[in-house]
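Structural features, examined
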Amino acid sequence: MDSQAHYLQQFANAAHARSAEPSWLRARREAALADFQRLGFPSQKLEDWRYTNVREISETPFVLTTPKTVGSLSSASREALQDPSFDRGPRIVFVNGIFSAELSALDSSPKGLRVESLCAAPQRDTERLIEENLGQHLADNLSSFAALNTALFQDGVFVHLARGLVLEHPIQILHLLDTTLSDGESACFSRNLYLLEPDSHATIVETVLNFGDTRFLCNAITEIVVSRGASLKHVVLQRGNATSLHVSATQVRQDAASRFESISILLGGKLARSDLRSLLNAERAECKMRGLYAACQHQLVDQHTFVSHEKPLCTSEGYYKGILADRAHGVFNGRVIVQPHAQKTSSLQSNKNLLLSDGAEIDSKPELIIHADDVKCAHGSTTGSLSEDSLFYLRSRGLSEDEAKNLLTRAFAAEITALLPSEHLRHRTDAWLTEYFAEHFLSDGNSNKKPIGVTS
Amino acid sequence: MLNIHHLVVKAGDAIILKGIDLHIKPGEVHAIMGPNGSGKSTLANTLSGRAGYEIVSGSVSFQGQDLLSLAPEIRAREGFFLGFQYPVEIPGVGNMYFLRAALNAIRKHRGEPEIDALDFLTLAKEKMKLLELDETLTKRSVNEGFSGGEKKRNEIFQMALLQPKFALLDEIDSGLDIDALRIVANGVNSLRGPERSFLLITHYQRLLDYIVPDYVHVLFHGKIAKSGGKELALELEEKGYGWIEEIAKKSGDA
Ligand SMILES: Nc1ncnc2c1ncn2[C@@H]1O[C@H](COP(=O)(O)OP(=O)(O)OP(=O)(O)O)[C@@H](O)[C@H]1O
Ligand SMILES: [Mg+2]
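For clarity, every value in this text was computed on a predicted model and none was experimentally measured.

Considerations on the environment of A:Gly97
Residue and element names in this part refer to chain A. Relative to the helices and strands, Gly97 is located in the loop between strand E2 (91-95) and strand E3 (98-105). Sequence separation between Gly97 and Ile323 is 226 residues, and the spatial gap between their C-alpha atoms is 28 Å. With residues up to four places along the chain from it excluded, the contact list for Gly97 reads Asp155, Leu177 and Cys188.

Here we look at the coordination of the magnesium ion (ligand 2)
Residues and elements named next belong to chain B. Coordination of the magnesium ion (ligand 2) by the protein is provided by Ser41 (OG) and Gln85 (OE1), with metal-donor distances spanning 2.0 to 2.3 Å. Here Gln85 lies in the loop between strand E6 (80-83) and strand E7 (90-94) and Ser41 lies in helix H1 (residues 40-48), a separation of 44 residues in the sequence. Gln85 gets classed as buried once you look at its relative accessible area, which sits at 15%.

Details of the domain arrangement of chain A
All names here are of chain A. Domain boundaries in chain A define domain 1 (3-385) and domain 2 (386-449). Just the C-alpha atoms count here: the centres of domain 1 and domain 2 sit 27 Å apart. In this complex, domain 1 contributes 37 residues to the contact, which on the side of domain 2 involves 23 residues. For the pair domain 1 and domain 2, the two sides together bury roughly 2,600 Å², of which 73% comes from carbon and sulfur. Remark: the boundary between domain 1 and domain 2 carries two salt bridges. Across the pair Arg428 and Asp83 runs a salt bridge whose closest N-O atoms are separated by 2.9 Å. For the pair domain 1 and domain 2, the number of links is eight residue pairs in polar contact (both at pLDDT 80 or more). Where the side of domain 1 that touches domain 2 is concerned, the elements lending two or more residues are strand E8 (201-211), strand E10 (231-239), strand E12 (259-267), strand E14 (286-295), strand E16 (315-324) and strand E18 (345-355).

Focus: the interface of chain A and chain B
Put simply, an interface is often sized by how much accessible area is lost when its parts join up. Contacts between chain A and chain B engage 18 residues on the former and 30 residues on the latter. Carbon and sulfur atoms make up 65% of the area that chain A and chain B hide from each other, which totals about 1,900 Å². Sorting the residues of chain A by area buried against chain B places A:Phe392, A:Tyr393 and A:Arg397 first, and these three jointly supply 43% of that buried surface. Counting across the chain A and chain B interface gives three salt bridges. Between A:Asp389 and B:Arg50 there is a salt bridge, and its shortest N-O distance comes to 2.5 Å. Summed over the shared surface of chain A and chain B, the number is eleven residue pairs in polar contact (both at pLDDT 80 or more). Among the elements of the structure, helix H8 (388-395) and helix H9 (401-417) of chain A are those that each provide at least two residues to the side of chain A that touches chain B.

Quick notes on the environment of A:Thr417
Residue and element names in this part refer to chain A. If you trace the backbone, Thr417 turns up in helix H9. The buried category is assigned to Thr417, whose relative accessible area is 8%. Counting along the chain gives eleven residues from Thr417 to Arg428, while the straight-line C-alpha distance between them is 9.9 Å. Leaving out residues up to four positions away in the same chain, Thr417 has contacts with Ile265, Arg426, Thr429 and Leu433.

Scoring rules and cut-offs
Residues numbered from 1 in each chain as written. Chains lettered and ligands numbered in written order. Predicted model: local features only at pLDDT ≥ 70, side-chain atom pairs only at ≥ 80, totals over all residues. Heavy atoms only, no water. Helix = DSSP H or I, 4+ residues; strand = E, 2+ residues; numbered from the N terminus. Contact = heavy atoms within 4.5 Å. Donors = N, O, S within 2.8 Å, 3.2 Å for Na, K, Ca; no water. Buried < 20%, exposed > 50% of the residue type's maximum accessible area, 1.4 Å probe, protein only. Domains from an automatic or database assignment. Buried area = accessible area lost by both parts, 1.4 Å probe. Salt bridge = Lys/Arg side-chain N within 4 Å of Asp/Glu carboxyl O. Polar contact = N/O pair within 3.5 Å; in protein donor to acceptor, adjacent residues only side chain to side chain.

Next comes the structure, spelled out in structure tokens:
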């Protein structure tokens with residue numbers, strides 16, 4: 001069976017689950033499936049996918065995940081739940097893409113805030129909001145993965161903030177992708193929709209963790225609307241492993257004087273592709289996208305960002321840092337378009353990469369396309385290795401070469417991790433990085449080597 | 001403590017050290033002076049294990065061990081300390097975090113238990129006082145944005161914390177104002193003792209007024225052209241290096 005036929009079959013298999021869905025949604029799914037059939041998986045001939053070969057995804061007959069009992073979670077997954085940052089504010093947990101009421105804690109949500117499973121929502125009062133927004137913000141060229149996601153998505157998060165609501169604590173979203181639970185090579189498709197009404201403020205922290213060593217595909221599409229005067233800080237912490245495949249895309253629409261800030265940490269994964277796009281749709285919108293991506297062994301991380309300045313007086317900032325070790329391949333593409341009427345645009349973009357071995361590779365391409373004349377825009381990209389002088393300085397004080405490299409690598413990352421909004425998150429991320437690079441740096445035969453994906 | 005035998009070292013394509021002999025006993029303070037480019041920092045880098053220096057011939061023993069066969073971090077853990085002429089700035093690496101890691105690496109090597117964060121802080125505060133270092137400075141990244149003088153004081157602060165057996169201080173006095181020079185010298189003097197030795201590299205006799213050496217050596221074109229007591233420094237201050245050149249030429253002829 002070819003890959004498309006395989007997914008048609010998956011679609012047919014899930015018909016029963018869809019029978020309870022509203023007719024508009026079924027219609028959208030069918031239309032999306034037709035789009036996917038027409039488009040197929042992206043080939044490397046497409047500029048946006050030039051460096052990223054998705055053959056492993058298209059050629060593996062992944063089976064959609066099914067609900068699992070919480071009792072069958074691996075101990076590593078359980079441990080992840082113990083993180084103190086999940087204690088405050090609403091928490092919504094998904095196991096292999098499927099909502100777990102048992103692990104979630106949604107009772108404490110303040111008035112005016114909705115945090116719930118997207119698929120539970122259509123039967124309720126929020127159906128109209130979902131119908132108006134779901135799939136309506138995706139740019140046409142967001143690739144066939146978005147179409148496939150619309151056709152197949154199993155569940156996801158729906159967040160709605162009423163006008164003027166200011167959240168005290170972050171909304172925590174946790175995705176446990178645990179193949180010790182699944183029956184063979186499986187895939188989950190999650191779909192998220194966050195709507196911030198005018199003048200509301202929120203922080204959303206999404207943690208995506210892979211466990212187990214069976215091939216697993218996670219495809220996630222998120223649509224976000226930040227209305228006039230509203231502000232969203234969006235934190236994504238994603239830790240893949242040697243068998244994880246991730247293709248995720250987030251599309252933001254920003255209204256007048258809105259603020260959107262993204263901070264992402266993408267750590268490894270056999271293949272991790274992330275697209276983050278914002279449409280600055282009205283005057284004085286501000287958009288900040290900053291993140292760190294890291295990969296080792298034969299992994300591929302691919303970070304694409306896109307900001308479209310549609311109206312005057314908006315500002316955007318992009319700052320991404322990459323760490324590539326062993327024979328890992330990194331891709332960064334940051335595109336900013338300033339449309340003809342978007343005068344007084346200010347946009348700054350920078351990408352810095354650290355290559356830790358001769359075999360590591362980065363393709364970095366910041367792009368600036370300007371159709372207006374009164375703008376202030378700059379972009380740049382640098383690639384380097386660890387400073388020999390710094391390494392020697394640390395070693396001359398007694399640190400081993402491994403420790404010195406690890407410390408300097410984490411220092412490179414610190415500029416981004418320091419942006420994380422809580423001590424817990426900074427601490428957790430730093431621990432991940434330490435472990436992740438210890439894995440790479442410790443020379444063979446070193447006994448305290450720990451496999452990636454096992455928390456300490 | 002430290003014995004250097006006929007050390008010949010190449011950097012790039014050139015022989016920089018052309019046969020150095022130096023013997024430093026426990027408790028002694030030696031000073032090396034010499035014109036720019038004579039090879040002082042090359043000696044310091046070679047002894048501390050920096051890459052890029054090729055040992056053509058000769059040997060160095062440190063407390064009976066073959067120093068040159070040890071990795072830089074093992075030299076440090078065995079009690080060898082280099083105070084850098086140009087300490088590097090390392091953004092993102094916290095000074096205190098780094099120093100505790102260093103101290104613990106050394107303690108572990110000696111079979112001693114690790115020091116916890118609290119005890120370390122107490123210890124560090126005591127040494128900060130000794131060096132009259134501002135506490136906020138030590139909370140920053142290693143040397144980041146430090147003034148020239150602050151960087152040098154930070155080197156001595158590190159030495160005071162790590163308590164090496166032998167310290168090689170490369171131009172620890174350059175860039176220091178008069179007060180800072182006194183503070184740094186006090187720091188060094190407070191560490192002097194019968195078991196600990198120092199090698200000071202300096203251009204100025206002034207430092208040696210504060211830290212009085214037992215021996216002074218003049219390095220010239222990669223060789224020790226003359227050795228003497230502390231009065232040799234005064235003589236150099238007065239006469240410059242011209243007369244040393246004469247001596248070097250004569251010994252070259254011989
Ligand atoms: N890696 C290298 N490659 C080539 N030449 C080098 C290298 N390192 C040092 N040299 C040369 O060796 C000579 C000695 O340099 P060194 O830094 O040891 O001098 P110094 O005595 O410390 O001088 P200063 O008083 O200016 O600090 C200089 O001519 C220098 O250019
Ligand atoms: Mg020098």
